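Inside the fold
Here is what each chain is made of, one letter per residue.
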Amino acid sequence: MHGILFIQDMAVILVVAGAVGWVCQRIGLSIVVGFLAAGILVGPGMPYFALVSDVGRIETLAQVGLVFLMFSIGLRLSLRKLRRLGLPILAAAFAGAIAMYYLSRLLAAALGWNSTEGLFLAGILMISSSSIIGKILHETGLNHERAGQLALGVSILEDVVAVVMLALLESVVQLGGSGARHASEVGTTLLHLGAFVAVVGVAGLILVPWLLKRMSISMDEELQSLGLAALLSGLAILAARAGYSLALGAFLLGIIVAETPHRHQVERTFEGMRDVFSAVFFVAIGMQIDVHELIMAAGLVAGVAAFTLIARPLAVTAGLCMIGVPARDGLRAGLMTAPIGEFSFVIAQLGIGAAVVPARFYPLVVGVSLLTTLVTPFIARRSEWIASAVLDRQPRWLSDWLRYYQDWLERF
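Bear in mind that the values here come from a model prediction, so they are computed numbers and not experimental data.

1. Details of the overall build of the protein chain
What the protein chain contains, in helices and strands, is 18 helices and 0 strands. What you see for the protein chain is a C-alpha radius of gyration of 21 Å, in line with the 22 Å of a compact globule of 412 residues. The principal-axis extent of the C-alpha atoms belonging to the protein chain is close to 70 × 55 × 50 Å. Within the protein chain, the fraction of its 412 residues that count as buried is 53%. Entry remark: accessible area of the protein chain is about 18,500 Å², with carbon and sulfur atoms responsible for 66%.

2. Digging into a nonpolar patch on the surface
Side chains of Val202, Ile206, Leu207, Trp210 and Leu211 sit close together on the surface and give an oily, nonpolar patch of about 510 Å² of accessible area. Mapped onto the elements of the fold, Leu211 is located in helix H8 (residues 183-218). Overall, Leu211 belongs to the partly exposed group, its relative accessible area being 33%.

3. Digging into the side chain of Thr317
Note on placement: Thr317 falls in helix H13 (residues 298-322). At 3.3 Å, the side chain of Thr317 and the backbone oxygen of Gly330 are in polar contact. If near-sequence neighbours (up to four positions away) are discounted, Thr317 is found in contact with Gly330, Leu331 and Gly334.

4. As for the pattern of salt bridges
By the definition in use, this model includes 6 salt bridges. Between Glu117 and Arg360 there is a salt bridge, and its shortest N-O distance comes to 3.6 Å. With Glu117 in helix H5 (residues 115-125) and Arg360 in the loop between helix H15 (342-353) and helix H16 (361-381), this pair connects stretches of sequence that are 243 residues apart. Judged by its relative accessible area of 32%, Arg360 is partly exposed. The salt bridge partner of Glu145 is Arg332, with a shortest N-O separation of 2.9 Å. In this pair, Glu145 is assigned in the loop between helix H6 (130-140) and helix H7 (146-174) and Arg332 in helix H14 (residues 327-335), connecting sequence segments 187 residues apart. For Arg332, a relative accessible area of 9% gives the class buried.

5. Considering the packing of aromatic side chains
This model, assessed by the stated rule, comprises 7 aromatic pairs. Look at Tyr101 and Tyr102: their rings are 5.1 Å apart centre to centre, the planes differ by 85°, and that puts the pair in the edge-to-face class. Overall, Tyr102 belongs to the exposed group, its relative accessible area being 54%. Taken together, a centroid distance of 6.1 Å and an interplanar angle of 45° make the contact between Phe281 and Phe345 tilted. Here the residue Phe281 occupies a position in helix H11 (residues 263-287), and Phe345 occupies one in helix H15, the gap between them amounting to 64 residues. This pair shows no difference in class: Phe281 is buried, exactly as Phe345 is. Of the aromatic side chains, those joined through ring pairs into one cluster are Phe281, Phe282 and Phe345.

6. Brief notes about the confidence of the model for the protein chain
Note: predicted coordinates in regions of low pLDDT should not be interpreted at a detailed level. With 92% of its residues at a pLDDT of at least 70, the protein chain reaches an overall mean of 82. Of all helices and strands in the protein chain, the one with the weakest mean pLDDT is H8 (76), whereas H13 scores best (92).

7. As for the packing of H15 against H16
The angle between the axes and the distance between the axes are what describe a pair of packed helices. Across the interface, H15 lies against H16 with an axial gap of 9 Å and an inter-helix angle of 170°. What the angle tells us is that H15 and H16 run roughly antiparallel. For the pair H15 and H16, contact is made by Ser344, Phe345, Ala348, Gln349 and Ile352 and by Phe361, Tyr362, Val365, Val366 and Ser369, respectively.

8. Focus: the packing of H5 against H15
Look at H5 against H15: their axes get within 8 Å of each other, and the N-to-C directions meet at 160°. The angle between the axes of H5 and H15 places the two elements in the roughly antiparallel class. Crossing geometry of H5 relative to H15 is assigned as right-handed. Side by side, H5 and H15 meet where Phe120, Gly123 and Ile124 of the first sit next to Ser344, Ile347, Ala348, Leu350 and Gly351 of the second. A per-class count over the contact of H5 with H15 returns 5 nonpolar, 3 polar and no charged.

9. Observations regarding the side chain of Asp329
With respect to the element layout, Asp329 can be found in helix H14. If we skip the residues at most four places from it in the chain, Asp329 touches Arg146, Ala147 and Leu150.

10. Focus on helix H10 (residues 246-258)
Residue pairs three or four apart in sequence face the same way in an α-helix, which turns once every 3.6 residues. For H10, which comprises 13 residues, the first-to-last C-alpha distance of 19 Å matches the rise-based estimate of 18 Å (1.5 Å per residue) to within 8%. For H10, a buried count of 13 out of 13 residues is recorded, marking the element as mostly surrounded by other parts of the structure.

11. Overview of helix H17 (residues 383-392)
Three or more residues of H17 are buried, namely Ser383, Ala387, Ala389 and Leu391. Where H17 is buried, its residues meet H14 and H16.

12. Details of the environment of Val172
Position of Val172 relative to the elements: it lies in helix H7. Sequence separation between Val172 and Leu106 is 66 residues, and the spatial gap between their C-alpha atoms is 19 Å.

Reading the values: the criteria
Residues numbered from 1 in each chain as written. Predicted model: local features only at pLDDT ≥ 70, side-chain atom pairs only at ≥ 80, totals over all residues. Heavy atoms only, no water. Helix = DSSP H or I, 4+ residues; strand = E, 2+ residues; numbered from the N terminus. Rg over C-alpha atoms; globule rule 2.2 N^0.38 Å. Buried < 20%, exposed > 50% of the residue type's maximum accessible area, 1.4 Å probe, protein only. Areas by Shrake-Rupley, 256 points an atom, 1.4 Å probe, with all protein chains shown as cover. Patch = residues over 30% accessible without salt bridge, like charges linked within 9 Å, V, L, I, M, F, W, Y side chains within 5 Å. Salt bridge = Lys/Arg side-chain N within 4 Å of Asp/Glu carboxyl O. Polar contact = N/O pair within 3.5 Å; in protein donor to acceptor, adjacent residues only side chain to side chain. Contact = heavy atoms within 4.5 Å. Phe/Tyr/Trp six-rings, centres within 6.5 Å; stacked < 30°, edge-to-face > 60°. pLDDT = per-residue confidence, 0-100. Axes fitted to C-alpha atoms, helices over the stretch in contact; angles between N-to-C directions. Parallel < 35°, antiparallel > 145°, perpendicular 65-115°, else oblique. Left-handed = near helix turned anticlockwise from the far one by under 90°. Nonpolar A, V, L, I, M, F, W, Y, C, P; charged D, E, K, R; others polar. Expected span 1.5 Å × (residues − 1).

Listed below in C-alpha cells is the structure:
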C-alpha cells in the first residue's frame, strides 16, 4: 500500500507541475515560480487543498529530485568549461560570493541574529541558482547576449562555492553550531572534503570512462541509462555515508561524466529525466512549507528578498568589474543573478535538521527564492534600461576611477 501511495504522490506532483508550468508559460512567468507555488498550494501546509500529506514521502521525493538535479548541474560544470570560462571569471565569481557573504553577515547582525544564524544566512544568499537562472535566460531570450552569458557563467561557478560552503556548514553542524570558535576543526573538515573530492575525482576519472565505454559496447541505450542511474545513486549514497550530502555525490559524478567522451550521449539520455525530477524537486520543496509560518514571516521574507535583489547584483557587478568587464555588462549580468535555489534549500534543511538555526529559515529561504525568481525575469528584460539609469547617475569620481582601473588592467 505504501508503494501505491508513493506513486500516487508522484503522479499528483507531475500533474500539478505540468498544469502550473503551462499556465506560467502562457502568462510569461518563470515555471520555477509555478512549481514552488503549486507545491505550497497542494502540500500538507494547506489542509483544505492538500493532495499530498505524508511528510516522509515528500522528503523522499525531494531527495530523489535533488540527486538528479545536482547531477545535471555537474554535467554543465566540466573542467574544460572551467578552462574555457577562464581564471578571470572564476576570480570574479569568488569575489562576488565573498562580498555577498559579508553583506549577508551585516544583515544578520542588523536583525539581531547570532553568529551561526548569520553564517547560514550568508550561505543561503551568497549562492545563486544556476538551474533557475538558466531557465530564466532561456525564457527571456537573453542567453545569447554577453550579459546573459556572464550571468550564467558566474552562477555555474558559484556551484563550486556552494560545495565548499556546504562542507563548511556541515562542520559547524558537527560542532553543534560553534564552528566560529573552532577554526582548526573547520579547517580539518575542509581538508577531509578536499581529500574526499580528490579520491572520488581520481577514481572516477579512471573508472567511469572505462565503465561508460564498456556499457556503450555491450549494452543498448536503455541498459546504459539504468547503469548510469545506479552509479549516480551509489555515489550519492557514498557521499552521504562519508558525512556529506547526497547532493555532493551527484554533483561530483556529473563533473566526472562531463570529462568523458560520452558526455553528449548522457546529456541526451538524461534530458527528459532531468526535466521531470527538477520539477519534482521544486514542487516537493514547496510542499514542505507551512503556509501559516510563511504568512507570519511575510515581512521578513519581503525584506530579505529586497536585500537580495539589491545586494547580489552589486556584489556580482563588483566582481565582474574587478576583472575588467565594462560596468554596463557587469551590472546587467548582476541583475540576472539574484535568484537563489537548490543549494540554498539544502543549506537551510541542513541547519534546521541539526537544530542550529530556527525553523523560520525554511519558509524564509523558499519565500526569498520565490520572490527573486518571480521578479528577476522582469528585471532581466529591462536590464539595459536599468543599467543606463544607474550609470547615468553614478558619481563622477566613480566613473573616472573605473575608467582608470580598466585602462590600467588592459595595459597590465
